[in-house]
Amino acid sequence: MARIFCIANQKGGVGKTTTTVNLAAGLAKVGQRVLMIDLDPQGNATMGSGIDKREAEYTVYDVLLESASVAEARVRAAEPCGYDVLAANRELAGAEVEMVALDRREKRLRTALAAVGAEYDFILIDCPPSLSLLTLNGLCAAHGVIVPMQCEYFALEGLTDLVNTIKQVHANLNRNLSIIGLLRVMFDPRITLQQQVSEQLKGHFGDKVFDTVIPRNVRLAEAPSYGLPGVVFDGGARGSQAYVAFAEELVKKMPPASAAAAPAAAEPAPPVVTPVAAAQAVGGETGPGTPHAGTDA
Ligand code: ATP
Ligand code: MG
């Protein structure tokens, strides 16, 4: 069965989509079978995989509203990306409203993915910059969350809401969910503050901070306008090499579940950053065992 990871951070513009498409391409490059799901009505991950979001016959919207299966809706990313895509476009914003009245509204993606889990090693979900019902569908479907972060002064602050949401989803909807790790992105080692925040992250979260650091690299920013992930557009660029290294690190850390002998149900949960510890580390108010009613920090 596939490992299912959300790439999430409710902060906008932190590199979620860049991470999702490049990790998908990087994993494909190292021989993994990958499905990438665009769960953002902006459709950036769709376009960044060479699929015209305005012309997609079916999208993740149809899957959430059960008018198409994943097998019917998926398409192949532009060659030679090497992964499958569940596309998104503006229509998806409507799903948010339409799903409110439906049953199992948080679990629709999870239900739909069960049918294709065996066909992939990794399923990556690009989340929108909000803690919305769409993101909730991603979190309910996933085993873990990868959090891309820029090493800026307020980086840790924004983490509290995300960690609290993950904690609630873990408690109420998805016992398998954990934070897989924090990925430092758009890193510029010449900026002292970034180095300091990077060290702070390591200090607070230890080995939950991925070893790989993604540098700020203009080729990664240029690639989407060619409808390709940087890893495919210019594999020699520093940013692209970093994403392939990240794919390798992830495979090592989280081998595909199919490699394990145990059946999916008996599989041990991936290592957890305890949300409580994380919340405390980022200045949250959550005490051990304290029920947390809201996501307000
Ligand atoms: P949103 O919250 O709107 O979905 P996002 O978190 O998905 O945004 P991206 O779209 O991936 O963020 O990145 C934001 C901008 O930063 C984009 O213009 C992207 O090309 C650029 N960018 C991302 N990563 C890098 C990098 N490592 N080096 C240079 N530019 C980058
Ligand atoms: Mg995005």
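Note that this is a predicted model, so its numbers are computed, not measured. (Residues numbered from 1 in each chain as written. Chains lettered and ligands numbered in written order. Predicted model: local features only at pLDDT ≥ 70, side-chain atom pairs only at ≥ 80, totals over all residues. Heavy atoms only, no water.)

(A) Structural view of the overall build of the protein. On a plain count of helices and strands, the protein comes out with 13 helices and 8 strands. Expressed as a percentage of its 297 residues, the buried residues of the protein come to 54%. Sequence-distant contacts, at least 24 apart, represent 79% of the contacts inside the protein between residues at least 6 apart. Surface accessibility of the protein: about 12,500 Å² in total, with carbon and sulfur atoms responsible for 53%. (Helix = DSSP H or I, 4+ residues; strand = E, 2+ residues; numbered from the N terminus. Buried < 20%, exposed > 50% of the residue type's maximum accessible area, 1.4 Å probe, protein only. Contact = heavy atoms within 4.5 Å. Areas by Shrake-Rupley, 256 points an atom, 1.4 Å probe, with all protein chains shown as cover.)

(B) Examining a nonpolar patch on the surface more closely. Together, Tyr153, Phe154, Ile191 and Leu193 line one region of the surface with nonpolar side chains, adding up to about 430 Å² of accessible area. Looking at where tyrosine 153 falls in the secondary structure, it is placed in the loop between β6 (144-150) and α8 (155-172). For tyrosine 153, a relative accessible area of 64% translates into the label exposed. (Patch = residues over 30% accessible without salt bridge, like charges linked within 9 Å, V, L, I, M, F, W, Y side chains within 5 Å. Salt bridge = Lys/Arg side-chain N within 4 Å of Asp/Glu carboxyl O.)

(C) Just helix α12 (residues 238-253), in detail. In this model α12 runs 22 Å from its N-terminal to its C-terminal C-alpha over 16 residues, within 8% of the 22 Å that 1.5 Å per residue would give. For α12, the set of buried residues is Gly239, Ser240, Ala242, Tyr243, Val244, Phe246, Ala247, Glu249 and Leu250. (Expected span 1.5 Å × (residues − 1).)

(D) Fine view of the sheet that holds strand β3 (residues 75-76). One open sheet accounts for 8 strands, arranged β3-β4-β2-β5-β1-β6-β7-β8; its pairing is mixed. Strands with a single pairing partner mark the edges of an open sheet, and in this sheet they are β3 and β8 (209-215). Looking at chain direction, strand β7 (residues 178-187) and β8 are connected through 3 bridges and run parallel. Following the sheet pairing, arginine 184 is matched in β8 by valine 213. Each of β1 (3-7), β2 (34-38), β5 (122-126), β6 and β7 touches helix α1 (residues 16-29); the most contacted strand, β5, lies at about 165° to it. Across the face of the sheet, helix α7 (residues 133-141) comes into contact with β1, β5 and β6 while running at roughly 150° to β1. (Pairing = 2+ DSSP bridges. Axes fitted to C-alpha atoms, helices over the stretch in contact; angles between N-to-C directions.)

(E) Main features of the pairing of β2. Burial within β2 is extensive, with 5 of its 5 residues counted as buried. Both faces of β2 are covered, namely the face carrying Val34, Met36 and Asp38 and the face carrying Leu35 and Ile37. Looking at chain direction, β2 and β5 are connected through 5 bridges and run parallel. By the bridge assignment, valine 34 is partnered in β5 with phenylalanine 122. In this sheet, strand β4 (residues 84-86) lies alongside β2 in parallel orientation, the contact comprising 3 bridges. The residue bridging methionine 36 from the neighbouring strand is valine 85, located in β4.

(F) Representation of the packing of aromatic side chains. Within this structure, the stated rule accounts for 4 aromatic pairs. Relative to phenylalanine 122, the ring of phenylalanine 5 has its centre 6.0 Å away and its plane inclined at 45°; by these criteria the two rings are tilted. One end of the pair, phenylalanine 5, is in strand β1; the other, phenylalanine 122, is in strand β5, and 117 residues separate them in sequence. When the centroid spacing of 4.8 Å and the interplanar angle of 75° are considered together, the rings of phenylalanine 210 and phenylalanine 246 count as edge-to-face. Placement of phenylalanine 210 in strand β8 and of phenylalanine 246 in helix α12 is noted, with a sequence separation of 36 residues between them. Looking at phenylalanine 210, the relative accessible area reads 0%, which means it is buried. (Phe/Tyr/Trp six-rings, centres within 6.5 Å; stacked < 30°, edge-to-face > 60°.)

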